[in-house]
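# Coordinate inspection notes
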Amino acid sequence: MKKYMLRNKGLLAMALLFGTIFSVGSTLVALILKEVIDVSLSRDMSRFVTIVLQTAVYLAVLGVSYVLYSTLSKKFICKVTRMLRNDAFGGILKKNISDFKSVNSADYLSVLTNDVKNVEENYVNPILLCLQNIIVFISSFAVMLYLSPLVTLCLFVAILLLIAVPSFFQNGIQKRQDNFSKKQSGLTVAIKDFLSGFEVIRSYRMNSSVVKIFEEKNDTVYHAKYALDKIVAAVEALSIMLGIVVQCSVLFVSAYLIITGKITAGALVALVQVSGTIVVPIQILSQNIPLIQGSKPIIERLNTLVNYHDRTFTGTMCPTFKTGITIKDLRFAYAKEQQIIKGIDFTFKKGEKYAIVGKSGCGKTTLINLLTGYYDGFEGEVLFDGVDMRKLDIAKLNEMFAVIHQNVYMFDASIKDNICLNKQIKQIDLQRALNMSGVEMFLGEEKSLDTSVGENGNNISGGQRQRVAVARALVQGKPILILDEGTSSVDMQTAYDIESQLQKIAELTVVTITHSLNPELLNGYNQIIFMENGTILETDTFANLMSAKGPFYDFFSLKK
Ligand SMILES: Nc1ncnc2c1ncn2[C@@H]1O[C@H](COP(=O)(O)OP(=O)(O)OP(=O)(O)O)[C@@H](O)[C@H]1O
């Protein structure tokens, strides 16, 4: 957090400068009071008029200072939270895919909204308040010392009490703030889940059970917030009570000094007034310091995002793809002792087309994910042009692949924007991609390139989404295209049209995971990779595999 404050130090300094003018100025009101009372008791009219005029100018300066302080401090808070949110979002985008997926996306949502708001309310704002009140405190203390050293001494003892007592609550507040943030996150996760599953909820009549779960989660948020508010309320009440005790003590000691003839009536009023401007800052400090301390776990959570470094792949070499990708004795397990990929050797040559087939759950997607740098915990080697993947810059390596899954993600933008992804694409390249992907086929009277696809592409069909995704991959000029059942949502003829077009692009390396065994299409692939139980059982052209009458032949015959 310090770095955000330092980055805005000019703004902070200006806010504090006007805050200081206002704070010191408002403390000196006590001296005006003393003067007015003493002058009125001595019936000095001309001095009184001078004081009234001076006070008017003085109050105008105070008003302007406060407006400037308030505006600048609000700007400072907004800037700090904006930077924090930007950096946290940037940190999320820096994550490698497996780290990203290890956290529910609603958790990220909660961090970027609830946690940033918490930090604003319970950290940045209180820090500014504390800084301003420290200045008020110092100037009030100086005025009081000037008015009466004895009263100042009594006040000092009482203040120690005022500071010490609320600090006992610090740990409790910290725990409750952390718990509240976690419960908020849990609720956000549930809300996102339910809204995403809206159609399932409606069609399976899950309303009452979903409402019950929602209410339970909402209850836990309520209880967590109430538990936090209770302890904050206790600190506030305690500090207000102690403040009143302090002010009473000042009043009694000052009254004693009047009785003994040590101070004037004006000084008594001034002392009571200034004791208020001493007590209030202490109350504000004692209420806000536990909040600042309590925000630590939330700030740590944000810091882990802001300072995220990919510790899985630390290579820095720039990947190339001139000859191909070679896999040597590749082994991988999601959970210990349960190997999913069990020793695979294979070479994907540049420009060739591969179809991976095999029973559901045999490890096809896992193999592809290992190829594209999803997971680092594998044994064996994945070599790009002979260089081990672990030595390569993983972000640059990710850029070489276009992966099209069964469920394609669409941004809530036009068809064209979803294809071009905010990049300038030459009209000729766009036209070629529209043609090869089959997007052209559904553009016409009803839909154009400027048609909005809606949230997650809801305004176009699943097949149309997949065609947009293929066009997207083609215009972005990726050398390797992976279709993980990427044409499963289009009809057989369209799938054939798209895949056969892709097979014709000489420079493009295509790896398709497919369940639809269309002989004409399979014939167009250079190699069929037949997987079973985490290994490659057979690999060859479709024609050779069929004539070999091995495991692939049996699988193919059964599927037909
Ligand atoms: N993230 C994960 N964590 C734990 N296990 C997983 C994970 N992803 C996949 N698996 C398991 O790994 C095995 C292989 O899954 P994978 O998705 O690679 O198979 P697949 O051949 O692509 O299946 P399908 O054809 O049904 O898509 C399955 O048993 C699956 O349950």
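Now for a quick tour of the structure.

Thresholds applied
- Residues numbered from 1 in each chain as written.
- Predicted model: local features only at pLDDT ≥ 70, side-chain atom pairs only at ≥ 80, totals over all residues.
- Heavy atoms only, no water.
- Helix = DSSP H or I, 4+ residues; strand = E, 2+ residues; numbered from the N terminus.
- Buried < 20%, exposed > 50% of the residue type's maximum accessible area, 1.4 Å probe, protein only.
- Contact = heavy atoms within 4.5 Å.
- Pairing = 2+ DSSP bridges.
- Axes fitted to C-alpha atoms, helices over the stretch in contact; angles between N-to-C directions.
- Near = heavy atom within 4 Å.
- Polar contact = N/O pair within 3.5 Å; in protein donor to acceptor, adjacent residues only side chain to side chain.
- Areas by Shrake-Rupley, 256 points an atom, 1.4 Å probe, with all protein chains shown as cover.
- Nonpolar A, V, L, I, M, F, W, Y, C, P; charged D, E, K, R; others polar.
- Disulfide = S-S within 2.5 Å.
- Phe/Tyr/Trp six-rings, centres within 6.5 Å; stacked < 30°, edge-to-face > 60°.
- Lys NZ or Arg CZ within 6 Å of the ring centre and 35° of its normal.
- Expected span 1.5 Å × (residues − 1).
- Arc of directions from axis to C-beta.
- Salt bridge = Lys/Arg side-chain N within 4 Å of Asp/Glu carboxyl O.
- Parallel < 35°, antiparallel > 145°, perpendicular 65-115°, else oblique.
- Left-handed = near helix turned anticlockwise from the far one by under 90°.

## Some remarks on the overall build of the chain
Helix and strand counts for the chain stand at 22 helices and 10 strands. The dimensions of the chain, computed from C-alpha atoms along their principal axes, are 120 × 55 × 50 Å. Across the 560 residues of the chain, 46% fall into the buried class. Considering only intrachain contacts with a sequence separation of at least 6, the fraction spanning at least 24 residues in the chain is 76%.

## Some thoughts on the sheet that holds strand E1 (residues 324-333)
Strand order in this open sheet of 4 strands is E2-E1-E4-E5, and the pairing throughout is antiparallel. Looking at strand neighbours, the two that pair on one side only are strand E2 (339-349) and strand E5 (387-388), the edges of this open sheet. Here helix H13 (residues 364-371) sits on the sheet in contact with E1, E2 and strand E4 (379-384), set at roughly 120 degrees to E1.

## Digging into the site of the ligand
Neighbouring the ligand are the residues Tyr-334, Ile-340, Lys-359, Ser-360, Gly-361, Cys-362, Gly-363, Lys-364, Thr-365, Thr-366, Glu-485 and His-515. In this structure, an oxygen atom belonging to the ligand sits 2.7 Å away from a side-chain N or O atom of Thr-365. Here an oxygen atom of the ligand sits 3.0 Å away from a polar atom, N or O, in the side chain of His-515. Taken by itself the ligand offers 640 Å² of open surface, and the protein chains cover 57% of this. Residues belonging to the shell around the ligand are distributed by class as follows: 3 nonpolar, 6 polar and 3 charged.

## Quick look at the sheet that holds strand E8 (residues 509-513)
Across the sheet, which stays open at both edges, the 6 strands sit in the order E6-E7-E8-E3-E9-E10 with mixed pairing between neighbours. This sheet does not close on itself; its edge strands, each paired only once, are strand E6 (401-404) and strand E10 (535-540). Along the sheet, successive strands turn relative to each other by an average axial angle of 15 degrees, direction set aside. In this sheet, E8 lies alongside strand E7 (residues 480-484) in parallel orientation, the contact comprising 5 bridges. The residue of E8 that forms the bridge with Leu-483 is Thr-512.

## Regarding the state of the cysteines
Inspection of every chain in the model, using the stated rule, returns 0 disulfides. In this structure Cys-130 is a free cysteine whose sulfur lies 19 Å from that of Cys-78, the closest cysteine sulfur available. Looking at Cys-154, it has no disulfide partner, and the nearest cysteine sulfur is the one in Cys-248, 14 Å off.

## Some thoughts on unusual backbone geometry
Even without being glycine, Arg-43 reaches a positive phi, approximately 55 degrees. Structurally, Arg-43 is set in the loop between helix H3 (29-41) and helix H4 (45-94). In this structure, Lys-549 takes a positive phi of about 55 degrees despite not being glycine. As for its placement among the helices and strands, Lys-549 is situated in the loop between helix H21 (542-548) and helix H22 (551-559).

## Here we look at the packing of aromatic side chains
Per the counting criterion, the structure on display carries 20 aromatic pairs. With a centroid separation of 5.1 Å and an interplanar angle of 80 degrees, the aromatic rings of Phe-332 and Tyr-334 are classed as edge-to-face. According to the relative accessible area criterion, Phe-332 is buried, its value standing at 5%. Here the aromatic cluster, defined as three or more aromatic residues joined through ring pairs, consists of Phe-530, Phe-542, Phe-552, Phe-555 and Phe-556. Sitting over the ring of Phe-180, Lys-225 keeps its end group 5.6 Å from the ring centre.

## Examining H3
For an α-helix, 3.6 residues make a turn, and residues three or four places apart therefore share a direction. Its 13 residues give H3 an end-to-end C-alpha distance of 18 Å, which sits within 8% of 18 Å, the value for a rise of 1.5 Å per residue. Where H3 is concerned, the buried positions are Ala-30, Lys-34 and Val-39. On an axial view of H3, the arc spanned by its buried residues comes to 160 degrees, and they lie on one face. Along its buried surface, H3 packs onto helix H2 (9-27), H4, helix H6 (105-147) and helix H11 (265-294).

## Notes on the pattern of salt bridges
One side chain can pair with another of opposite charge once the charged atoms of both are near each other. Under the criterion given, the structure shown has 13 salt bridges. Residues Lys-117 and Glu-121 are paired through a salt bridge, measuring 2.9 Å at the closest nitrogen-oxygen approach. Pair noted here: Lys-117 and Glu-121 are both in helix H6, with a separation of 4 residues, about one helical turn. Residue class for Glu-121 comes out partly exposed when judged on its relative accessible area of 40%. One continuous salt-bridge network, built from bridges that share partners, spans Asp-115, Asp-178, Lys-182 and Arg-301.

## Describing the packing of H4 against helix H12 (residues 296-306)
Running from amino to carboxyl end, H4 crosses H12 at an angle of 55 degrees, the nearest separation of the two axes being 7 Å. Put simply, H4 runs oblique to H12. On the side of H4, the interface is formed by Leu-84, Asp-87, Ala-88, Gly-91, Ile-92 and Lys-94, while H12 contributes Leu-302, Leu-305 and Val-306. Residues belonging to the contact of H4 with H12 are distributed by class as follows: 6 nonpolar, 1 polar and 2 charged.

## Observations regarding the packing of H2 against H4
At a closest axis distance of 8 Å, the pairing of H2 and H4 adopts a crossing angle of 150 degrees. Handedness of the H2/H4 crossing: left-handed. Counted together, Leu-11, Leu-12, Met-14, Ala-15, Phe-18, Gly-19, Ile-21, Phe-22, Val-24, Gly-25 and Ser-26 of H2 and Tyr-58, Leu-62, Ser-65, Tyr-66, Leu-68, Tyr-69, Leu-72, Ser-73, Lys-75, Phe-76 and Lys-79 of H4 form the full contact between these two elements. Its residues assigned to classes, the contact of H2 with H4 shows 15 nonpolar, 5 polar and 2 charged.

## What about the environment of Thr-277?
Mapped onto the secondary structure, Thr-277 falls in helix H11. A residue is classified by how much of its surface remains accessible, and Thr-277, at 18% relative accessible area, is buried. Along the sequence, Thr-277 and Ser-26 sit 251 residues apart, while their C-alpha atoms lie 8.3 Å from each other. Residues contacting Thr-277, with those up to four places away along its chain left out, are Thr-27, Val-136 and Ser-140. Only 2.9 Å separates the side chain of Thr-277 from the backbone oxygen of Val-274, close enough to count as a polar contact.

## Here we look at the side chain of Asn-96
With respect to the secondary-structure elements, Asn-96 resides in the loop between H4 and helix H5 (97-101). Given a relative accessible area of 7%, Asn-96 falls into the buried group. From its side chain, Asn-96 meets the backbone nitrogen of Asp-99 in a polar contact 2.7 Å long. Beyond its immediate sequence surroundings of up to four residues, Asn-96 is in contact with Tyr-308, Asp-310 and Thr-312.

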